[in-house]
Every structure is written in C-alpha cells, then in structure tokens.
Amino acid sequence: MKKIGIMTTGGDCSGLNTIIQRLILGATVRGWQVIGVKDGTDGLNKKDPGIITFDLNTMPIETARLSGSWLGNGHPGAENFETAARENRIEQFNKQINLSLLKLGLDALILIGGNGSLSLAHNNREIYYGLSLVCIPKTIDMDIPMTDRTIGFETAVQQIVNFCDQLILTARSHHRWFVVQTMGRDTGNLALNAGIAFGADAILIPEIKFDTDNLIQHIKKSYRDYGIILVSEGISLRGHSGRPADIISRILTKAGITNRADFPEHTQRAGDTTANDRILATSMADCALNAIDNNETYVMTAKIGNEIKTVSLEDFFHSGNIVFDPNIPELKVSNAYVSPNNPLLEIANNMGIYIGETK
Ligand code: F6P
C-alpha cells in the first residue's frame, strides 16, 4: 500500500478542494493511504508537521465546490522561503522540510502550487529526493508555462465578470465609467479573458503598451456614456504612482470623463468553483495519481490542447520567461505572459475594444 501526501501552497484559488476531494477518491480506489499537510511548506517547516489523515468521510462531497483550501496555504508569521532567504537560513529551511518529509514516510507528494512554488520545487529538488514529486498547477493568474490552463483561472474570470455585471447597472444609472482593477501580478491573462467575456470597452494589460490619450479618445467616441475599463494590476505608467485603477481613473477625470475606480480584490480567488474548473481539477487529480502509479517524479500535470498529461518540471521551468521574484531576490520563477499571437487580442481589436497600441 502506498502512502501519499497532498499539500497546497502559495495563494489560494477556487478548485483546490475539488482536487483534494478527487485525489482522495482516486487514491482510495487504489487502496492507498492519504494524508494532507496543513499550511503547505510552512507546515512542513516544523519538527511536528500538522497532518490530516484522510478517509472518504473527512471531506464530504459538498466541500468540493468551495474555494479556499481544506488544508490551508500558509500561516502568517511562519518562517517561509522568503523570510529564510532574508535571514540567510535557506539551508536550514530546506533541511527541515526534507526531515519532515522523511518523518512522514511518504511514497509520493502531490504539490498543488503556482509558478513560484513549482519553480521553488524545481530549483530545490533534492528536498524531495526518494519520493515521487507530482505537481498540479493552480493559479488565477494563469502564468504557468507548459499548460494551457491552470486550476482556479476560469472561476476567477467568472468572478470578475459577475462583478462587472453588477457594476454596469449603476454605471448606466449615473452615466459614469468604472475602472475595474483585476489581479494577475505582472501578467494580463485574467484581465484579457474577463474583459472579453464581459464586453469591456477597454482592457489594459502589462504585456501591451497603451496610450492614455488614445484611451481617452476611445471613451469619448463611444456610443455610450457609461461602461467598464478593465485594468490589470501589473500595468504601470511612468511618472505616476498608486494603484493602476486609481491612476487611470485620475487621468480620465482630468479629461472630463466621469468615472470611479473599483476593486474586486480577493473575491477573484473565491466563489463556487465553475464546472470547467472542477473537470480540470478531476482530470489533473487522475493524471497525478496515474503518474504515481507509473513511478514518475519531478513532473507537473498539464493541459495541452485536449490532452491532460505530465510534463517534466525541468521543461516547465525552462520553457517560460525566467525572472526574479520581486519579493525574493534569491528565487528565480518561470513565468508565462500573454503571447502577442493570442487570438483574443485580434478579436478585441475587431470588436472595437481598446486593448493598447497593438498595431
Ligand atoms: O498569485 C495570485 C494572486 O492573487 C495575484 O493575482 C495577486 O497579486 C496576489 O496573489 C495577491 O496576494 P495576497 O493574497 O498576498 O494579497
């Protein structure tokens, strides 16, 4: 009988509980023992890591739709890779994680994480030596290379669309524009997809230069006197500081355009998991368990076209843009940005949405 561990790391998103619940189902069919590590690597960085021993009754089916993580994603104040790096304690930190894993006696660990956690796992792979390490990509930012989709992205897009659907009525009543800021770190997939789905009048993302004069002209020429401009949190404007939506809002006000800035914030990571995210979570859970069956290690589950399969962490890391994490200078992360060939960019242009200076 195999003993497998599950942990969720980094920011939460919707779909984590679906993955956990489906992993328990699939592992139980195989006759394996399943434990969950509480609070990700923060939990492992303890002499006695917090553990949940799962059986089919631990996580009822109704929890599978909920956002957040049944296992937790980290603990405020706990030492993590970032603080350990700052205090020159990485070696001890890695050693403790390795000791905890040895103590747990796992045959395999399923790490459900974003590009930071997966990059860390790749760059510190010796920690996981001796067990099968299988990663599952989750993030609302959809910035993980080698996979067409990440778990939680679609629900986040839906949450932003719901937010805009509510706002547009008050926008119409007051003949005013709303500048809505999405998350996404330094990438624009979230804003781009939500903007297309909702029908935003303009979408500003970090990957495409924009001109505020052209944006103003675009809004002034609109057939309406209200609408929504989606702004990704990663955009910046030389000479301006503050939150991007506030910056754009101030510029529009100065140009005589009545508007307000608005922020869905962490509701983007919440919400009932969409059916597609649950299908993706189930398929990736199945793929991860098959990978353990096949004794694979240092792999990530990926959606490539219609296929769900494993790719090596090595390929994941080297196929993206390798950049330094803004918070952790020691950490190189592999990032996927909106490609200039993304068909949604041309579609936006064809629909008369201002997407920046693409031409
Ligand atoms: O990476 C996920 C994400 O939600 C980003 O889109 C956002 O910039 C960040 O995490 C927010 O992190 P926190 O929860 O620490 O505010």
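Residues numbered from 1 in each chain as written. Predicted model: local features only at pLDDT ≥ 70, side-chain atom pairs only at ≥ 80, totals over all residues. Heavy atoms only, no water.

## Observations concerning the domain arrangement of the chain
Consideration 1: When cut into domains, the chain gives domain 1 (3–152 + 273–319) and domain 2 (155–269 + 340–350).
Consideration 2: Its C-alpha centre places domain 1 at a distance of 33 Å from the equivalent point of domain 2.
Consideration 3: Residue-level contacts link 13 residues of domain 1 with 11 residues of domain 2.
Consideration 4: Scanning the region where domain 1 abuts domain 2 turns up two salt bridges.
Consideration 5: Note that Asp12 is salt-bridged to Arg269, the shortest N-O span being 2.8 Å.
Consideration 6: At the boundary of domain 1 and domain 2, one finds six residue pairs in polar contact (both at pLDDT 80 or more).
Consideration 7: Looking at side-chain class alone, the side of domain 1 that touches domain 2 contains three nonpolar, six polar and four charged residues. (Domains from an automatic or database assignment. Contact = heavy atoms within 4.5 Å. Salt bridge = Lys/Arg side-chain N within 4 Å of Asp/Glu carboxyl O. Polar contact = N/O pair within 3.5 Å; in protein donor to acceptor, adjacent residues only side chain to side chain. Nonpolar A, V, L, I, M, F, W, Y, C, P; charged D, E, K, R; others polar.)

## Comments concerning the site of the ligand
Consideration 1: For the ligand, the full set of nearby residues is Ile140, Asp141, Met183, Gly184, Arg185, Glu233, His266 and Arg269.
Consideration 2: Between the ligand and the protein, one listed contact pairs an oxygen atom with a side-chain N or O atom of Glu233 at 2.5 Å.
Consideration 3: Note that an oxygen atom of the ligand is positioned 3.0 Å from one of the side-chain N or O atoms of His266.
Consideration 4: When its residues are assigned to classes, the shell around the ligand shows two nonpolar, two polar and four charged. (Near = heavy atom within 4 Å.)

## Comments concerning the pattern of salt bridges
Consideration 1: Counted according to the given criterion, the structure contains 10 salt bridges.
Consideration 2: A salt bridge links Asp272 to Arg65; its shortest N-O distance comes to 2.7 Å. Taken as a pair, Asp272 in the loop between β9 (259–262) and α10 (275–293) and Arg65 in the loop between β3 (51–54) and α3 (81–86) lie far apart in primary sequence, 207 residues in all.
Consideration 3: Ionic pairing is found between Glu82 and Arg86, a salt bridge with its closest N-O pair at 3.2 Å. (Helix = DSSP H or I, 4+ residues; strand = E, 2+ residues; numbered from the N terminus.)

## Concerning the packing of aromatic side chains
Consideration 1: Under the defined criterion, the tally for this structure stands at two aromatic pairs.
Consideration 2: Summarising the aromatic geometry, the rings of Phe81 and Phe93 are spaced 6.2 Å apart at their centres and angled 75° between planes, so their arrangement reads as edge-to-face. Pair noted here: Phe81 is in helix α3 and Phe93 is in helix α4 (residues 90–104), with a separation of 12 residues, a long-range link.
Consideration 3: Of the residues examined, Phe93 reaches a relative accessible area of 4% and is grouped as buried.
Consideration 4: Across from the ring centre of Trp32, 5.4 Å away, lies the NZ or CZ of Arg30, which sits over that ring.
Consideration 5: Sitting over the ring of Phe263, Arg243 keeps its end group 3.7 Å from the ring centre. (Phe/Tyr/Trp six-rings, centres within 6.5 Å; stacked < 30°, edge-to-face > 60°. Buried < 20%, exposed > 50% of the residue type's maximum accessible area, 1.4 Å probe, protein only. Lys NZ or Arg CZ within 6 Å of the ring centre and 35° of its normal.)

## Structural notes on the sheet that holds strand β11 (residues 307–312)
Consideration 1: Pairing in this open sheet of seven strands is mixed, and the strands run β3-β2-β1-β4-β5-β10-β11 from one edge to the other. Whereas interior strands pair on both sides, the edge strands pair on one side only; in this sheet they are β3 and β11. Pairs of neighbouring strands in the sheet enclose a mean axial angle of 25°, with direction left out of account.
Consideration 2: Where strand β1 (residues 3–8) meets strand β4 (residues 108–113), five bridges bridge the pair, whose relative direction is parallel. The residue bridging Met7 from the neighbouring strand is Leu111, located in β4.
Consideration 3: Contacts between helix α5 (residues 115–123) and the sheet are confined to β4, β5 (132–137) and β10 (299–304), with β4 contributing the most and set at about 140° to the helix. (Pairing = 2+ DSSP bridges. Axes fitted to C-alpha atoms, helices over the stretch in contact; angles between N-to-C directions.)

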